[in-house]
Amino acid sequence: MESKYKTIFEKQKSNKDAIEILVEKELYTPAVQILWTITRNSIFSFLERRKIDFHSTQEAITIFILGQDSPKKMKCIYEAYTSSIISEWDEDALISKKQFKIFEKSCLLIQSMMIND
């Protein structure tokens, strides 16, 4: 079991390193995509640990949103999810440094929701 967690940790570290490199090169759109992948996978794991079934990203995000206790948290998740969809599917989408920082802050807040639960 230890090797599984070591592999997960190494993958997370390499993703964070990739985000750092992309941000240094001012490539914020792919940085958003990688950061969202990390956040989305954390939400999936969170729901799975609680034995909550879901069959799509949209369903998982909806379940996670509905489990929050404040409209501010719900809005944060919704906005991060929406930004990730736009950055992934709109080939012309360009995320600015300011938008990335807001997105990054949202993802950190989402992570803290799972830690504090």
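Engineer: How do you make sense of the packing of helix α2 (residues 28-49) against helix α3 (residues 57-66) when you look at a structure like this?
Structural biologist: The description of two helices packed together rests on the angle between their axes and the distance between the axes. α3 packs onto α2 with a crossing angle of 70 degrees between their chain directions and a minimal axis gap of 10 Å. Relative to α3, the element α2 is oriented roughly perpendicular. As for how α2 packs across α3, the hand of that crossing is left-handed. In contact with W36, R40, I43, F44, F46 and L47 of α2, α3 contributes T57, A60, I61, I63 and F64. Among the residues forming the contact of α2 with α3, the class breakdown is 9 nonpolar, 1 polar and 1 charged.

Engineer: So what exactly am I meant to see when it comes to the nonpolar core here?
Structural biologist: Looking at soluble globular proteins, one finds that nonpolar side chains tend to be buried together. Counting residues in hydrophobic clusters, the biggest one holds 29 residues, and the most contacted among them are W36, I43, F64, F100 and I110. Among the elements of the structure, α1 (2-24), α2, α3, α4 (71-89) and α5 (97-115) are those that each provide at least two residues to this core. Considering every element that reaches this core, the biggest residue donor is α2, with 10 residues.

Quick notes on the rules
Counting of residues starts from 1 at the beginning of each chain's written sequence and follows it residue by residue. Given that the model is predicted, a residue must reach a pLDDT of at least 70 before its local features are reported, and side-chain atom pairs must reach 80 or more before they are shown or counted; all residues, however, enter totals for whole chains, interfaces and linings. Only heavy atoms go into the side-chain values, all of them from the structure, while hydrogens and water stay out. For every element, the axis is a line fit to its C-alpha atoms; helices are fit only across the contacting stretch, and the angle between N-to-C directions ranges from 0 to 180 degrees. Comment: elements are numbered from the N terminus, with helices defined as DSSP H or I runs of at least four residues and strands as E runs of at least two. Note on angle classes: values under 35 degrees are labelled roughly parallel, values over 145 roughly antiparallel, values of 65 to 115 roughly perpendicular, and the remainder oblique. Each helix crossing is assigned a hand: it is left-handed if the near helix lies turned anticlockwise from the far helix by less than a right angle, otherwise right-handed if that turn is clockwise. It only takes one pair of heavy atoms within 4.5 Å for two residues to be counted as in contact. Charged means Asp, Glu, Lys or Arg here, nonpolar means Ala, Val, Leu, Ile, Met, Phe, Trp, Tyr, Cys or Pro, and polar covers whatever is left, Gly included. Residue types Ala, Val, Leu, Ile, Met, Phe, Trp, Tyr and Cys, when buried and joined through side-chain atoms within 4.5 Å, form a set referred to as a nonpolar core. For the exposure calls, accessible area comes from a 1.4 Å probe over protein chains only, and a residue counts as buried if that area is under 20% of its type's maximum, exposed if over 50%, partly exposed in between.

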